[in-house]
Amino acid sequence: MSAAKKGETSPLKLIALVVAWYAGNTLYNIYNKKASNMIHAHWFVACAQLVVGMVWSGVMWTTGIRKKPNLNAADITACIPIGLFACLAHAFSVLAMGVGAVSFAQIVKACEPVFAAVVGLVVPPMDVKPMLAYLMLVPIIGGVGLACVKEGKGVDINYTAFMYASIANLAAALKGKLGSSVTKALKGDKSKNMDSANVYAVMNIISFLFTVPMVVIAELSTLGEEWDKATAEHGAQALITNIALSGFFYYIYNEFAFAFTAQVGAVTSSVLNTAKRVIIIVVSTILFQEPMERNTIIGSAIAICGTFGYSLASKKKAAPKKKSA
């Protein structure tokens with residue numbers, strides 16, 4: 001069935017989706033880091049980025065370019081946990097890149113399969129991977145550990161960035177685990193108009209609603225002062241432009257990634273998501289002049305190869321049940 005579906009998809013379309021996904025993600029990381037460097041209000045930056053996506057999807061729905069979702073209260077309730085964990089995955093990624101190097105955040109985020117594997121075993125229904133997939137977690141953890149060892153200094157990491165990126169990994173794993181059955185059911189009911197683009201749009205809106213209280217709790221008391229400081233140093237136009245562009249590319253790259261996954265399946269998408277990290281690490285290292293020592297390069301390469309292997313190994317079922325009497 002999936003093979004038939006893949007056969008219907010033009011290779012050119014798939015290439016275009018991957019190029020748009022990679023370009024959007026790379027540009028998002030660039031503008032997000034620029035915005036985060038300008039203003040020390042990272043929950044606010046994360047929230048503003050989601051607003052840009054809401055405006056985009058609102059335009060698509062009101063102009064009729066895309067059909068509006070047709071959801072009832074039960075559907076929206078089912079989507080709430082996905083939106084909550086999407087909010088945490090996004091916001092803590094922004095926080096990690098705000099307090100540390102983009103390349104370091106991406107190296108830690110290569111550990112996402114470790115969190116996904118644990119969540120798969122702990123959160124019902126249990127998802128047991130093949131043994132080879134679990135073995136691939138060793139180079140992932142070892143590679144990230146090696147990347148954190150500085151020559152002549154021992155373990156030297158930005159603990160705050162490490163913690164934020166790890167929370168983002170856990171939230172992403174929970175979002176994937178809890179969201180897969182819900183999104184599959186919504187996409188399966190054609191009357192709800194929930195294709196991959198609308199699934200992401202709805203998730204983006206719910207994510208925004210969870211992010212607003214965090215802005216109020218964590219940053220509202222200092223937001224005015226931080227904004228004035230940032231605009232005085234960098235100019236309001238530059239600050240708004242970087243936040244708006246980071247929000248636009250965040251939404252666009254996710255929409256293309258969702259569309260690509262819908263065409264080829266989660267495993268292929270996961271493999272390409274791993275390759276994408278290499279591009280972001282290289283670009284951010286050059287653009288933001290982030291130092292990459294020998295251990296960092298070797299460790300990140302090992303971790304990314306481990307993630308690649310995990311994605312491929314996860315494809316095979318742990319216990320094939322093919323017996324007919």
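Okay, so let's go over this structure. (Residues numbered from 1 in each chain as written. Predicted model: local features only at pLDDT ≥ 70, side-chain atom pairs only at ≥ 80, totals over all residues. Heavy atoms only, no water.)

### Examining the side chain of histidine 42
Under the convention used in this document: Strands here mean DSSP runs of E at least two residues long; helices mean DSSP runs of H or I at least four residues long; both are numbered from the N terminus. To sort residues, take the accessible area from a 1.4 Å probe on protein chains only and compare it with the maximum for the residue type: under 20% means buried, over 50% means exposed, and anything in between is partly exposed. Here a polar contact means two N or O atoms within 3.5 Å. Within protein one must be a hydrogen donor candidate and the other an acceptor candidate, and residues neighboring in sequence count only if both atoms are side-chain atoms. Any two residues whose heavy atoms approach within 4.5 Å are treated as being in contact.
Structurally, histidine 42 is set in helix 3 (residues 42-62). With relative accessibility at 4%, the residue histidine 42 sits in the buried group. Looking at histidine 42, its side chain comes within polar contact range of the main-chain oxygen of serine 36, at 3.3 Å. Residues contacting histidine 42, with those up to four places away along its chain left out, are Ser36, Val94, Leu95, Gly98, Val99 and Glu219.

### So, the pattern of salt bridges
Put simply, the rule is: What counts as a salt bridge is simple: a side-chain nitrogen of Lys or Arg found within 4 Å of a carboxyl oxygen of Asp or Glu.
Considering all chains together, one arrives at four salt bridges under this definition. Across the salt bridge formed by arginine 66 and glutamate 255, the nearest N and O atoms sit 2.7 Å from each other. Placement of arginine 66 in the loop between helix 3 and helix 4 (73-99) and of glutamate 255 in helix 12 (residues 236-264) is noted, with a sequence separation of 189 residues between them. A single burial state applies to arginine 66 and to glutamate 255, both of which are buried. A salt bridge links aspartate 127 to lysine 129; the nearest nitrogen and oxygen atoms lie 3.1 Å apart.

### So, the nonpolar core
To be explicit about the condition: As used in this record, nonpolar core signifies buried Ala, Val, Leu, Ile, Met, Phe, Trp, Tyr and Cys residues forming a set joined through side-chain atoms within 4.5 Å.
One finds Tyr28, Leu137 and Phe260 to be the most contacted residues of the largest nonpolar core, which totals 77 residues. The element best represented in this core is helix 12, accounting for 10 residues. In contact with leucine 137, other than residues within four places in its own chain, are Pro113, Val114, Ala117 and Tyr310.

### Some thoughts on the environment of valine 59
In this structure, valine 59 sits in helix 3. For valine 59, a relative accessible area of 43% gives the class partly exposed. Along the sequence, valine 59 and leucine 14 sit 45 residues apart, while their C-alpha atoms lie 25 Å from each other.

### So, the side chain of arginine 66
When its relative accessible area of 14% is taken as the criterion, arginine 66 is described as buried. Within the structure, the side chain of arginine 66 is placed 2.7 Å from the side chain of glutamate 255, a separation counted as a polar contact. In this structure, arginine 66 is in contact with Met60, Trp61, Ala197, Asn198 and Glu255, ignoring residues within four places of it in sequence.

### Things to note about empty space enclosed by the protein
Inclusion rule: As defined here, a cavity is a set of points on a 1 Å grid over the protein atoms alone where a 1.4 Å probe fits but cannot get out. A pocket is an open set with protein on both sides within 12 Å along at least five of seven lines, and residues line them when an atom is within 4 Å of a point. Grid points are joined across faces, edges and corners, and a volume is the space filled by probe spheres set on the points. All amino acids are sorted into three groups, where Ala, Val, Leu, Ile, Met, Phe, Trp, Tyr, Cys and Pro are nonpolar, Asp, Glu, Lys and Arg are charged, and the leftover types, Gly among them, are polar.
Within this structure, the stated rule accounts for one cavity of 30 Å³ or more. The computed volume of the largest cavity comes to approximately 50 Å³. For the lining of the largest cavity, the secondary structure elements donating two or more residues are helix 4, helix 9 (159-188) and helix 10 (196-218). Residue contributions to the lining of the largest cavity peak at four residues, all from helix 10. Grouping the amino acids of the lining of the largest cavity by side-chain chemistry returns seven nonpolar, one polar and no charged.

### Focus on the packing of aromatic side chains
Quick note on the threshold: Two aromatic rings, drawn from Phe, Tyr or Trp (for Trp, its six-membered ring), form a pair once their centres lie within 6.5 Å of each other, and the interplanar angle then sorts them: stacked below 30 degrees, edge-to-face above 60, tilted otherwise.
For the structure shown, the criterion picks out 13 aromatic pairs. Seen in terms of ring centroids, tryptophan 43 and phenylalanine 92 are 5.6 Å apart; in terms of plane orientation they differ by 80 degrees. Their pairing is edge-to-face. You can see tryptophan 43 sitting in helix 3 and its partner phenylalanine 92 sitting in helix 4, a full 49 residues away along the chain. The pair tryptophan 43 / phenylalanine 92 is uniform in exposure class, with both members buried.

### A look at the packing of helix 3 against helix 12
The line we're drawing: Here an axis means a line fitted to C-alpha atoms, over the contact stretch when the element is a helix, while the angle between two N-to-C directions is reported on a 0 to 180 degree scale. In what follows, roughly perpendicular refers to angles from 65 to 115 degrees, roughly parallel to angles under 35, roughly antiparallel to angles over 145, and oblique to any angle outside these ranges. Note on convention: the crossing is left-handed when the near helix lies turned anticlockwise from the far helix by less than a right angle, right-handed when the turn is clockwise.
Close contact between helix 3 and helix 12 brings their axes to 8 Å; oriented N to C, the two are set at 60 degrees. Judged on the interaxial angle alone, helix 12 and helix 3 are oblique. The element helix 3 and its partner helix 12 pack so that their crossing is right-handed. Only Ile243, Ala244, Ser246, Gly247, Phe248, Tyr250, Tyr251, Ile252 and Glu255 of helix 12 make contact with helix 3, whose side of the interface consists of Phe44, Ala48, Gln49, Leu50, Val52, Gly53, Trp56 and Ser57.

### A look at the packing of helix 4 against helix 5 (residues 102-109)
It is the contact of helix 4 with helix 5, at a shortest axis distance of 7 Å, that shows an interaxial angle of 135 degrees. With respect to helix 5, the axis of helix 4 lies oblique. Considering how the two elements wind past one another, helix 4 and helix 5 form a crossing that is right-handed. Every residue of helix 5 that contacts helix 4 at Ser93, Ala96 and Met97 is listed here: Val102, Ala105, Gln106 and Lys109. For the contact of helix 4 with helix 5, the per-class residue count stands at four nonpolar, two polar and one charged.

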